[in-house]
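The chain contents come next:
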Amino acid sequence: MKEATRYINRDLTFFDTHAHLYDGRFAQEGISPEDMLRNAAEAGVRRILIPADSLESSHKAVAFARDYGGNSGVELYSSVGVHPHEASSWNEELKEELYKLLSNRKENKIRAIGEIGLDYHYDFSPRDIQRRVYEEQLLMALELDIPIILHEREAVGDSMDILRRFYKAGKLRDNVGVCHCCSCSPEIALELVKMGFHIGFDGPITFKNNKNTPAVCAAVPLERIVIETDSPYLTPAPNRGLTNEPCFVPFVLEKICEIKGIDIEEAAKTVMQNSMTLYELTEE
């Protein structure tokens, strides 16, 4: 069995801005929450945002952050929302349940609405329904003054059309949110930055045959970059083949530094501050 490569630097700290810690794959692989958080802390990961993709996972994200937050020195936060795959589940009752969670967002440690957006790769929900649910959640984020986590896959045209319309109408916050696992062109990424987005990079930036993501990274200013794992998926090199964990997020930053030719110590500080700005956190 392949042994994980660990990234240990006691002087660096990290924020994994996107990790599905409640995912059942961890239990299947025998990775307990306690072990996962211990591994994260040993790698210098001090904060993790747990995103949701459905009403059920919204409750799971909130519960995980509540039950395990602060364990092993790792602060946990959550988001709530409906992923485009789950858009067909959207109805007024579900919407009200999200509002209930968000009405107590400080206690629930909810820092964003997401993942929301469009995904035309699988079309698990009809595209017209995806677009409607995406727009409704964008309006919810504006109403409640909270960032979004944007998921877009093979739908950049329609996604950008919606965002441009909202931006022109003044219906996006200054700090809109993050484009998670960014896979668009450098030009689109820079347009998102102009709108007020941060850009999230994860494991694929380390993949040998991936040429597009490094090009996007090279174009985006370091001050708008955040790092994420999307655990338990998209494990970065050199640990491909293993279940992804937050403790692997330093390898993402290391690759960003290689692409940009910058020092990892200074980059770690900047990216940590970016993450705090994105999720509107202050040092406690």
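The following refers to the structure shown. Just so it is clear, the structure is predicted and the values come from calculations on it, not from any experiment. (Residues numbered from 1 in each chain as written. Predicted model: local features only at pLDDT ≥ 70, side-chain atom pairs only at ≥ 80, totals over all residues. Heavy atoms only, no water.)

**Describing the packing of helix H6 (residues 156-168) against helix H7 (residues 186-195)**
What describes two packed helices is the angle between their axes and the distance between those same axes. Formally: To get an axis, a line is fitted to the C-alpha atoms, and for a helix only the part in contact is used. The angle between two axes follows their N-to-C directions and goes from 0 to 180 degrees. A run of H or I in DSSP counts as a helix once it spans at least four residues, and a run of E counts as a strand once it spans at least two, with each numbered from the N terminus. Oblique is the label for any angle not under 35 degrees, not over 145, and not in the 65 to 115 range, which are roughly parallel, roughly antiparallel and roughly perpendicular in turn. Helix crossings are classified by the rotation of the near helix relative to the far one: an anticlockwise turn of less than a right angle makes the crossing left-handed, while a clockwise turn makes it right-handed. What makes two residues a contact is simply this: any of their non-hydrogen atoms within 4.5 Å. Just so you know the grouping, Ala, Val, Leu, Ile, Met, Phe, Trp, Tyr, Cys and Pro go in nonpolar, Asp, Glu, Lys and Arg go in charged, and all remaining residues, Gly too, go in polar.
The geometry of H6 relative to H7 is characterised by a closest axis approach of 11 Å and an angle of 25 degrees between their N-to-C directions. The angle between H6 and H7 falls in the class roughly parallel. The handedness of the crossing between H6 and H7 is left-handed. For the pair H6 and H7, the contacting residues are Val156, Met160, Leu163, Arg164 and Tyr167 in the first and Ile188, Glu191, Leu192, Lys194 and Met195 in the second. Class assignment of the residues belonging to the contact of H6 with H7 gives a composition of seven nonpolar, no polar and three charged.

**A closer look at the pattern of salt bridges**
Selection rule: In the sections that follow, a salt bridge refers to a side-chain nitrogen of Lys or Arg positioned within 4 Å of a carboxyl oxygen of Asp or Glu. Here's how the labels work: a residue is buried when its accessible area is under 20% of the maximum for its type, exposed when over 50%, partly exposed in between, all with a 1.4 Å probe on protein chains only.
What the rule picks out here adds up to 16 salt bridges. A salt bridge links glutamate 56 to lysine 60; the shortest N-O distance between them is 3.5 Å. One end of the pair is glutamate 56 and the other is lysine 60, both in helix H3 (residues 55-68) and four residues apart, which spans about a single turn. With a relative accessible area of 39%, lysine 60 lands in the partly exposed category. Aspartate 161 serves as the salt-bridge partner of arginine 164, at 3.6 Å between the closest nitrogen and oxygen. Here arginine 164 pairs with aspartate 161, and both are found in helix H6, just three residues apart, close to one helical turn. Owing to a relative accessible area of 34%, arginine 164 belongs among the partly exposed residues under this scheme.

**Examining the nonpolar core**
The nonpolar side chains of a soluble globular protein tend to be buried with one another. Quick note on the threshold: Residues belong to one nonpolar core when they are buried, are Ala, Val, Leu, Ile, Met, Phe, Trp, Tyr or Cys, and are joined through side-chain atoms within 4.5 Å.
Leu163 and Leu192 are the most contacted members of the largest nonpolar core, which has 80 residues in total. Per-element accounting of this core gives the leading share, six residues, to helix H9 (residues 249-260). What leucine 192 contacts, discounting residues up to four positions off in sequence, is Met160, Leu163, Cys179, Cys184, Phe197 and Ile199. Formed by twelve residues, the second largest nonpolar core is a distinct cluster that contains Phe15, Ile149, Met276 and Tyr279.

**Quick word on the environment of asparagine 212**
We apply this condition: Whenever a nitrogen or oxygen atom comes within 3.5 Å of another N or O atom, the pair is scored as a polar contact, on the condition that within protein one atom can donate a hydrogen and the other can accept it, and that pairs from neighbouring residues in sequence are kept only if both atoms are in side chains.
The residue asparagine 212 is located in helix H8 (residues 212-219) in this model. A sequence separation of 13 residues divides asparagine 212 from isoleucine 225, and the C-alpha atoms of the two residues are 16 Å apart. In contact with asparagine 212, other than residues within four places in its own chain, are Ser183, Cys184, Ser185 and Pro186. A polar atom in the side chain of asparagine 212 sits 3.0 Å from the backbone oxygen of cysteine 184.

Nothing here speaks to function; it is geometry throughout.
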